[in-house]
Every structure is written in structure tokens, then in C-alpha cells.
Amino acid sequence: MTSRLARRPLVTAIAGAVSLTLAGVALQAQAATEVSLGHTLSATSHYAVGAQAFKETLEELSDGAFTVTEHSSGSLGGEREMIEGLQIGTVDIVITSTGPLGNFVPESYVLDLPFLFENYDQARCVLDGELGDELLTKMGDHGLVGLAWSENGFRHMTNSRREIASPADTEGLRVRTMENEVHQEAFRQMGARPTPMAFPELFTALQQGTVDGQENPITVIVATNFWEVQDYLSLTGHVYSPAVILGSPMLLDGLSDEEREWFHEASRASAEATRGEVTRLEQEGVALLEANGMTVKTDIDIGPFQEAVQPAYEIFTSQHGSEMLERIQEKAAGC
């Protein structure tokens, strides 16, 4: 029979091993850094698809050293508020449209010019190349880290009053636009009454009749169930709307080169996943909107729209110059 004294070293050893294991688990839990990722769309949107790809990639590359928490549906505020959060470190990663970005990075306004790109191939070719990298780098001059170009898609008009087939049909319509001077001027030139507001406020504004219509890609129109408050969709494709994945310098500047590369790789995976979802929704979304009662105008002559918005180009070049615009147009023509 084993004495109590003989058993004591064994018990002590087991207790010590358990303590070390628990300490290791606690240390590992403490070492994990939680990363907040915000966007304004729903948890089933193309942004959410990109957010999930970012999360899976970063957590895998870092072996759990970083964990990502997604904040969807504008729970961290509108896009402008979240970008401000990046600058002061209250948000770590944001997936956002470029709409409000020009307020922080004026060089990005060029991407919001109407009819800048003819198709997705042109837009992706430009943004994935040298010019896209150059614009991402410029964000570092404004308290932001540009990680990757993602996507929303070509923007179209919806409203609750009438079918839009020409610029004349927009006359007097109160159209919500992004908080972006280029977009606002384009709609002003078409005769509409642009009404900038943060995206989380839009559905209620349409529901209450504060505005008559809005403009967004099919992806956003589907994700937000706009058919519940809008009757007409016109496939004008008036602006290609990229999205951008931004990081907070408060987080990223303190990381090692290897860790920062994990964030860049996760952002590239996010962009690829989001673009795949955009492509799917572009193919299936219009039928879904029609099935939910929207009247869709597809055969639109965009020539009059292009002519109507030309003053927006003149205003842009007078304020920001024409060099980047000309370089983008030249590159797009060769894509």
C-alpha cells in the first residue's frame, strides 16, 4: 500500500503540470489581439462575404494570434464615422465605399467621376495595377492605411415616383447621394435634387418620403431590400463604385513586417471574395428585384446621361487637376 508521503511528489507533479497548462492557455488567450472590422451593410451582404474571408485568412495566417470581430449594418456608425474611427484608433479595419473617402483623401475623388469605366474588366485592371497601388499609398498621408481595393459595382438609380429613361426624368427628384461632392454635382447637372446622407439613415428616409430615390449597385439594392420602399429601378450604370479596405495606423504601425503582410493578404482574400459575390449578384439580382415587384428599365441610352454630367468633370479638374484622370483613362483604354 502506497503511503501518503510516497504519493505526495506525484500529486505535486500533476498539480504543477496542470498549473503550467492552465497558465499556457491563459497566456495564449491574453496574447490574442481582437481586431474590429466594420461596414454598413447587412450580415448577408457582399461586404459580409468579404469580411468573413478577411477573418478566416487573418486568423489562419496568424495561427490565432489575431481574432476578427465583424460589426455589420452600421453598428459602428456610418462610413464617414468609421473612417474617422480608423484615424483615432477606435476601429481597426473598415470596408467602405469610396463615397465619403474623398473628404479624407481628395486624390480618391477621381474614382467617383461618372462613366469613368465602361465595364468591370477596365475598373479591376486599373485598380489592381500601379495606379490603384498609388492611390492606396496616398491614404497614408491622411492618417489611413490603404490595404486593398474591393468592390460594390456599377451604380443604378431607384425611386418611388416614376420610371427613369433619360436625364429629364430625374428633374426635381430628391435623390439621396453619398457625402461626395462629385456625385452631388453630377446629379445636380441632371436636374435632380441631391440629398447627401449617411447610408444607415437611407432606408428610413425612403420609407418616410424624405427622399424619393437613391443610387447604388445591384449588390446594395438587393442586400438592403430596397424593393420594400422603391418601385422603379433604372440600369444607368452611371458610376463604377469601388470599395476599399482600410486599416488604422494605430494598429498596423505597431506590427512587424510579417504581421502587416498578414493583414494585406487577408485584405486581398476579402477583395477577391467580394468581387465574386458582386459578379453573382449582378447576374441574379435584377431577376430577384423584379420578382419582388420592382419595375426595371434596362434599355437606356446612356449618351444623354454622359453629356449631362460633363460639368462634373470640369469642376473636378479645376479643383484637383487632370493628371490622375488622364492616366486612368489611358490605362483603362488599354485594358
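Above this text you will find the structure in question.
Residues numbered from 1 in each chain as written. Predicted model: local features only at pLDDT ≥ 70, side-chain atom pairs only at ≥ 80, totals over all residues. Heavy atoms only, no water.

Could you give an account of the state of the cysteines, naming the residues involved and the relevant values?
Tallied over the full model, the rule gives one disulfide. Between the sulfur atoms of C125 and its disulfide partner C335 the distance amounts to 2.1 Å. Residues C125 and C335 are joined by a disulfide whose S-S torsion is about -75 degrees; by sign, that bridge is left-handed. Placement of C125 in helix α4 (residues 120-127) and of C335 in the segment after α13 (323-334) is noted, with a sequence separation of 210 residues between them. By relative accessible area, which is 28% here, C125 ends up partly exposed. (Disulfide = S-S within 2.5 Å. Helix = DSSP H or I, 4+ residues; strand = E, 2+ residues; numbered from the N terminus. Buried < 20%, exposed > 50% of the residue type's maximum accessible area, 1.4 Å probe, protein only.)

Quick rundown of the packing of aromatic side chains? Include the residues and the values.
Within the structure shown, the criterion is met by nine aromatic pairs. Relative to F263, the ring of F66 lies with its centre 5.2 Å away and its plane at 85 degrees, an arrangement referred to as edge-to-face. In this pair, F66 is assigned in strand β2 (residues 66-71) and F263 in helix α10 (residues 257-291), connecting sequence segments 197 residues apart. Residue F66 is classed as buried on the basis of its relative accessible area of 3%. Relative accessible area serves as the criterion here: at 0%, F263 is assigned to the buried category. Ring plane angle 85 degrees and centroid distance 6.0 Å describe the contact between Y120 and Y240, whose orientation is recorded as edge-to-face. Of this pair, Y120 sits in helix α4 while Y240 sits in strand β8 (residues 232-247); the two residues are 120 residues apart in sequence, bridging distant segments of the chain. In this structure Y240 comes out as buried when scored by relative accessible area, which is 2%. By the ring-pair criterion, three or more aromatic residues cluster together here, those being F54, F66, W262 and F263. (Phe/Tyr/Trp six-rings, centres within 6.5 Å; stacked < 30°, edge-to-face > 60°.)

Residue-level account of the packing of helix α2 (residues 46-61) against α10, with values.
In the contact formed by α2 and α10, the axes pass within 7 Å of each other and the chain directions differ by 150 degrees. One element, α2, and the other, α10, form an angle in the roughly antiparallel class. For the crossing formed where α2 meets α10, the hand is right-handed. Of α10, the residues touching α2 (which contributes H46, V49, G50, A51, A53, F54, T57, L58 and L61) are W262, F263, E265, A266, S267, A269, S270, A273, T274, E277 and V278. Of the residues that constitute the contact of α2 with α10, the class distribution is 12 nonpolar, six polar and two charged. (Axes fitted to C-alpha atoms, helices over the stretch in contact; angles between N-to-C directions. Parallel < 35°, antiparallel > 145°, perpendicular 65-115°, else oblique. Left-handed = near helix turned anticlockwise from the far one by under 90°. Contact = heavy atoms within 4.5 Å. Nonpolar A, V, L, I, M, F, W, Y, C, P; charged D, E, K, R; others polar.)

Pulling in residues and values, what's your account of the nonpolar core?
Formed by 41 residues in total, the largest nonpolar core has its most connected members in V35, F54, L58, I93, F226, F263 and L289. The leading source of residues in this core is α10, at six residues. If near-sequence neighbours (up to four positions away) are discounted, F226 is found in contact with F199, L202, F203, L206, Q214, N216, V220 and I221. Counting residues in hydrophobic clusters, the runner-up holds 36 residues, among them F104, V105, V110 and L325. (Core = buried A, V, L, I, M, F, W, Y, C linked by side-chain atoms within 4.5 Å.)

Describe the pairing of strand β7 (residues 213-217), naming the residues involved and giving the relevant values.
With five of five residues buried, β7 is to be regarded as a mostly interior element. Covered by surrounding structure in β7 are G213, E215 and P217 together with Q214 and N216, the residues of both alternating faces. Across five bridges, strand β4 (residues 145-159) lies against β7 in antiparallel orientation. Residue T158 lies in a different strand from β7, and its bridge partner there is Q214. (Pairing = 2+ DSSP bridges.)

Honestly, that's just the spatial picture; any functional story needs more than this.
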